[in-house]
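# Topology and contacts: notes
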Amino acid sequence: MKETLWDFINNPANKIYFTAIISLFIFITGGIVKYLFQKSNEFKKRKDIRNTIKILISKTISELEVSESNVFKFHKTVSIEHNQSWSLTHKELTYLDTFYELKFTDIYEAYRIKRKWKFCFCNRKKDEISFHKLWASLKVLKFTENRIEPDLITMVDKHIGYHNKYKDALGKFRLNFDHLMVEVNGKELPSKIAEFINKQDLIWFDWQNLDEDKRTDYYITYNYVIKPSLDLIKEYYELEITKVFDKDLLDCTHQYIQMQALLNTYKNQFYSHYLSYRTVRRKMKVINRIINNST
């Protein structure tokens, strides 16, 4: 008589096989569940990382627009003609350091796995290049951020040094001319000397008629006093008394040229910072669109 399935199962000789099969099934099922759970967590982690990077890039782009505008406005004020104090509204990029707080390997893996499922090899290669360009752009951004404040401090400190020397030389020039006026007061002078003194006095007179804020501006004093006085001395170079003013006027001119060169250099430097912000912002917009187009 045929043995029923129930009899086969209840047969003591067969129980050991069924126990082994059930144990193996439970072990395999548990392993599969554990594997799926692990992969699910890894997928969620990778997706969370990609979403975080996407948000960080978007926030950084928004902050870059502000920094870019502020640095551009500031660079336009860095000139010899600017007669007010410099003010750079600069806020550190809040989210820049957050990029570096995340592990590069985790970020790379999150995007690498995503790229593997793309059918077109060209798209995978484009994503790979864009991902590395993102980190190259962040390095440029970090370098620029670290240079803004030191460049501003150096520019202002050097400018103050040149400006103080300029004021000292201008003061000496004015003092020497006042001494000359005291010496010749009431004396009958040769026509050439009298003509020179009258013209020099007129230069100072025109300067004194300016508004107070203009009289203290070194750009104005140079163009209203120093430059005309130099031209006047060249005109009357044969007079002995003009030699008294040579050193002071040349010192003023030297310091003015130093200030001008300094400000031209830093005008270009801050324009370079502006270009860095603008270039990185534009690149990050494209990069964000490429690497996160299906996130």
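Preceding this paragraph is the structure being described.
For the structure given in this document, a descriptive report is provided here. Note that the coordinates shown come from a computational prediction; the quantities given were computed from them, not determined experimentally.

### A closer look at helix α6 (residues 191–208)
Counted at 1.5 Å a residue, the expected span for α6 with its 18 residues is 26 Å, and the 25 Å between its end C-alpha atoms agrees. By the burial criterion, the buried members of α6 are Phe-196, Ile-197, Gln-200, Ile-203, Trp-204 and Trp-207. Projected down its long axis, α6 carries its buried residues within an arc of 115°, all on one side. In α6, the exposed positions angled more than 90 degrees off the buried face are occupied by Ser-191 and Asn-198.

### Quick word on the packing of helix α8 (residues 218–235) against helix α9 (residues 243–291)
Here α8 crosses α9 at 135°, and the two axes come no closer than 10 Å. Classified by the angle their axes make, α8 and α9 are oblique. The interaxial crossing formed by α8 with α9 has left-handed handedness. Side by side, α8 and α9 meet where Tyr-218, Tyr-219, Tyr-222, Asn-223, Ile-226, Ser-229, Leu-230 and Ile-233 of the first sit next to Phe-245, Asp-246, Leu-249, Cys-252, Thr-253, Tyr-256, Met-259 and Leu-263 of the second. Residues belonging to the contact of α8 with α9 are distributed by class as follows: 12 nonpolar, 3 polar and 1 charged.

### Observations concerning the pattern of salt bridges
This structure, assessed with the given rule, holds 11 salt bridges. For Arg-281, the salt bridge identified is with Glu-68, shortest N-O distance 2.5 Å. Taken as a pair, Arg-281 in helix α9 and Glu-68 in helix α2 (residues 12–77) lie far apart in primary sequence, 213 residues in all. For the pair formed by Arg-281 and Glu-68, the shared burial category is buried. As a salt-bridge pair, Asp-251 and Lys-247 come within 2.9 Å of each other at their nearest N and O atoms. Here Asp-251 and its partner Lys-247 are both found in helix α9, 4 residues apart, which amounts to about one turn of the helix. Residue Asp-251 is classed as partly exposed on the basis of its relative accessible area, which comes to 30%. Each of Glu-195, Lys-199 and Glu-235 takes part in one network of salt bridges that share partners.

Rules used throughout
Residues numbered from 1 in each chain as written. Predicted model: local features only at pLDDT ≥ 70, side-chain atom pairs only at ≥ 80, totals over all residues. Heavy atoms only, no water. Helix = DSSP H or I, 4+ residues; strand = E, 2+ residues; numbered from the N terminus. Expected span 1.5 Å × (residues − 1). Buried < 20%, exposed > 50% of the residue type's maximum accessible area, 1.4 Å probe, protein only. Arc of directions from axis to C-beta. Axes fitted to C-alpha atoms, helices over the stretch in contact; angles between N-to-C directions. Parallel < 35°, antiparallel > 145°, perpendicular 65-115°, else oblique. Left-handed = near helix turned anticlockwise from the far one by under 90°. Contact = heavy atoms within 4.5 Å. Nonpolar A, V, L, I, M, F, W, Y, C, P; charged D, E, K, R; others polar. Salt bridge = Lys/Arg side-chain N within 4 Å of Asp/Glu carboxyl O.

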